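Per-entry structural report
Here is how the chains run, residue by residue.
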Amino acid sequence: MNTSLNAARREQDLHAAQQEVADVLVIGGGVTGTGVALDAASRGLKTVLLEAHDLAFGTSRWSSKLVHGGLRYLAKGDVKLAHESAVERGILMTRTAPHLTRTLPMLFPLHAGANHFVMAGLKAGNALRIAAGTPAGVLPRPRRVPKQEALALVPGLNPDGLTGGLLNYDGQLVDDARLVVALARTAAGYGARVITRAKVLTLQGDGAEAQDTLTGTTFGIRARAVINATGVWAGTLAPVRLRPSRGSHLVVDARTVGITGTALTIPVPGERNRYALLLPQANGRAYLGLTDEPVDEIPDVPTVPESDVDFLLRTASHVLQRDLTREDVIGSYAGLRPLLEAEGQTADLSRHHAVLKAPNGVITIIGGKLTTYRKMAADAVNATNVTQIPCRTKDIRLVDDRPQPTTPIAPGVTEADVVHAIKHEGALDADDVLDRRTRIGLVPSDREKAAPKIAELLAAV
């Protein structure tokens, strides 16, 4: 099983894909598209994936890096979606990607007059965990902690008026882009042809015309079934109406804001059931997010507006020992949620996914969320009706053969990681390494320091 993706394999797959008829053609190299490619290829289907840019170029690299258990949906009364999310979280953490996930303790600070219904919600979430079959050894039960333990877990908390905290657990991805790369490599191991830098120009139910953006040449792919898995960009290829919303995050130094290994859940003042999150990362950074604002334009790379920066800093400062300022922000990122159009505010729109079939035969998978990508992929492949073989991905462990660390070039990244990204993970240029195979690019100062070494390694490999 050859799971390596690189420039040479891309060329081979690009040539071969034009000579045959695929069973399934997938458009989009995010978590849903790569999930579809793995699902189809593992059922024995001849599979081709086309991505206009790079793996995880779009929304999939801009998440909170959480594997949610569906607590938010439970609070809104959507038991079905909450249960689905809890089941898929359990599959990721115990079967398919335990090496790409970890248990994340999360503290909800309690003050005098706090809303004690929060614990009832956490207990309901624990019931979901039990129903999903996820062991308590993976996700422990929630509990109340006294003030001193809360301060030990999150040293940056403001002790004034603090009475204690509620400690619960959820799943956290090592990195969302790494999950996508692992899905693509595992799909390649089952024979899928994963072709990046392939921009689709026209799409029909029996194939596509695309352009190799590295050479400018156009080519055609024929297929028995076509699945549009391009997220917020789905409407450019199929008649789909979306209401995208922007989720912004700020990157801060974990030590300076007083975060260690426990995340902080922060109630948004003046609002019910809305929270910000301060999420520790393995490289000494922390992500502060997130917003939920409707957007009209869909750029390739969204940016964080000043209003979101102000909101997140102001919200976090309500519970921390010191007020956060713009000097604390060392980076930022924003992603767009592909919400299906419906009445109401974007924050209230359903995160259920939908499989839609256009008159020309193109199948579009849209909506949903990162945690439920596997279920989305299965539903999309089932909708093609090109096979009677059932979904197998629940029992397929994703590849992740990480190299032994060598000379550091950025927090949490060594030269060996860069070479591995080029030889095995499909990285074709410096941006692929800086922004997708690693997260160096999230901090501009880190990017500037690491870029020359990465360029040197690219030239040498």
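The following refers to the structure shown. (Residues numbered from 1 in each chain as written. Predicted model: local features only at pLDDT ≥ 70, side-chain atom pairs only at ≥ 80, totals over all residues. Heavy atoms only, no water.)

Our next topic: the overall build of the chain. Across its full length, the chain holds 13 helices and 20 strands. In summary, the chain has a C-alpha radius of gyration of 22 Å against a globular reference of 23 Å for 461 residues, a match within 12%. The C-alpha extent of the chain, read off along each of the three principal axes, is 70 × 50 × 40 Å. Scored against the burial criterion, the 461 residues of the chain give a buried share of 58%. Long-range pairs, those at least 24 residues apart, make up 71% of the contacts in the chain with a sequence separation of at least 6. As displayed, the chain offers around 18,700 Å² of accessible surface, 52% of which is attributable to carbon and sulfur atoms. Separation between the mean location of the 52 positive side-chain charges and that of the 48 negative ones in the chain comes to 6 Å. (Helix = DSSP H or I, 4+ residues; strand = E, 2+ residues; numbered from the N terminus. Rg over C-alpha atoms; globule rule 2.2 N^0.38 Å. Buried < 20%, exposed > 50% of the residue type's maximum accessible area, 1.4 Å probe, protein only. Contact = heavy atoms within 4.5 Å. Areas by Shrake-Rupley, 256 points an atom, 1.4 Å probe, with all protein chains shown as cover. Lys, Arg positive; Asp, Glu negative; His and termini not counted. Charge placed at Lys NZ, Arg CZ, Asp CG, Glu CD.)

It is worth spelling out the packing of aromatic side chains at this point. Overall, the coordinates contain three aromatic pairs when judged by the stated rule. On the numbers, 5.7 Å between centres and 25° between planes, the contact of Trp62 with Tyr333 is stacked. With a gap of 271 residues between them, Trp62 in the loop between β2 (47–50) and β3 (66–67) and Tyr333 in strand β16 (residues 329–337) connect regions that are remote in the sequence. In this structure Tyr333 comes out as buried when scored by relative accessible area, which is 2%. Members of the aromatic cluster, joined through ring pairs, are Trp62, Tyr287 and Tyr333. For the cation-ring pair, Arg61 lies above Phe57, with the distance from its terminal atom to the ring centre recorded as 4.9 Å. (Phe/Tyr/Trp six-rings, centres within 6.5 Å; stacked < 30°, edge-to-face > 60°. Lys NZ or Arg CZ within 6 Å of the ring centre and 35° of its normal.)

So, on to the environment of Thr393. Tracing the backbone through its elements, the reader meets Thr393 in the loop between α10 (373–382) and β19 (408–410). Residue class for Thr393 comes out buried when judged on its relative accessible area of 5%. In this structure Thr393 touches Leu38, Asp39, Ser42, Thr96 and Arg374, once residues within four positions along its chain are discounted. Here the side chain of Thr393 touches Arg374 through a polar contact of 3.2 Å, side chain to side chain. (Polar contact = N/O pair within 3.5 Å; in protein donor to acceptor, adjacent residues only side chain to side chain.)

For helix α11 (residues 415–424), the tally of buried residues reaches seven of 10 residues, placing the bulk of the element in the interior. Of all the positions in α11, only Glu415, Ala416, Asp417, Val418, His420, Ala421 and Ile422 are classed as buried. Residues of α11 that are buried in the fold lie against α7 (176–189), β19, β20 (413–414), α12 (430–437) and α13 (444–460). Looking one or two places after α11, you find Gly426, whose phi comes out positive at around 80°.

Formed by 42 residues in total, the largest nonpolar core has its most connected members in Leu179, Ile227 and Leu398. The element best represented in this core is α7, accounting for nine residues. Of all hydrophobic cores here, the second largest spans 35 residues; its members include Leu151, Leu153, Val304 and Val319. (Core = buried A, V, L, I, M, F, W, Y, C linked by side-chain atoms within 4.5 Å.)

Direction vectors running N to C along α11 and α13 enclose 45°, while the axes themselves pass 10 Å from each other. Classed by the angle they form, the pair α11 and α13 counts as oblique. Seen from above, α11 lies across α13 with right-handed handedness. In this structure, α11 uses Glu415, Val418, Val419 and Ile422 to contact α13, whose residues at the interface are Lys453, Ile454, Leu457 and Leu458. (Axes fitted to C-alpha atoms, helices over the stretch in contact; angles between N-to-C directions. Parallel < 35°, antiparallel > 145°, perpendicular 65-115°, else oblique. Left-handed = near helix turned anticlockwise from the far one by under 90°.)

It is worth spelling out the pairing of strand β6 (residues 162–173) at this point. In summary, the side chains of a regular strand alternate between the two faces of the sheet. Summarising burial for β6: 11 of the 12 residues are buried, a large majority. Strand direction decides the pairing type here: strand β4 (residues 101–111) and β6, joined by 11 bridges, are antiparallel. Across the sheet, residue Arg102 finds its bridge partner in β6, namely Gln172. Pairing analysis gives four bridges linking strand β5 (residues 143–146) to β6, with the strands arranged antiparallel. Note that in β6 the partner of Arg143 across the bridge is Leu167. (Pairing = 2+ DSSP bridges.)

What follows is about helix α1 (residues 7–17). Considered for burial, the residues of α1 that qualify are Arg9, Arg10, Asp13, Leu14, Ala16 and Ala17. Close packing links the buried residues of α1 with β2, α7, β7 (193–195), β9 (207–212) and β10 (218–228). In this structure Asn6 caps α1, since a side-chain oxygen of it lies 3.3 Å from the backbone nitrogen of Ala8.

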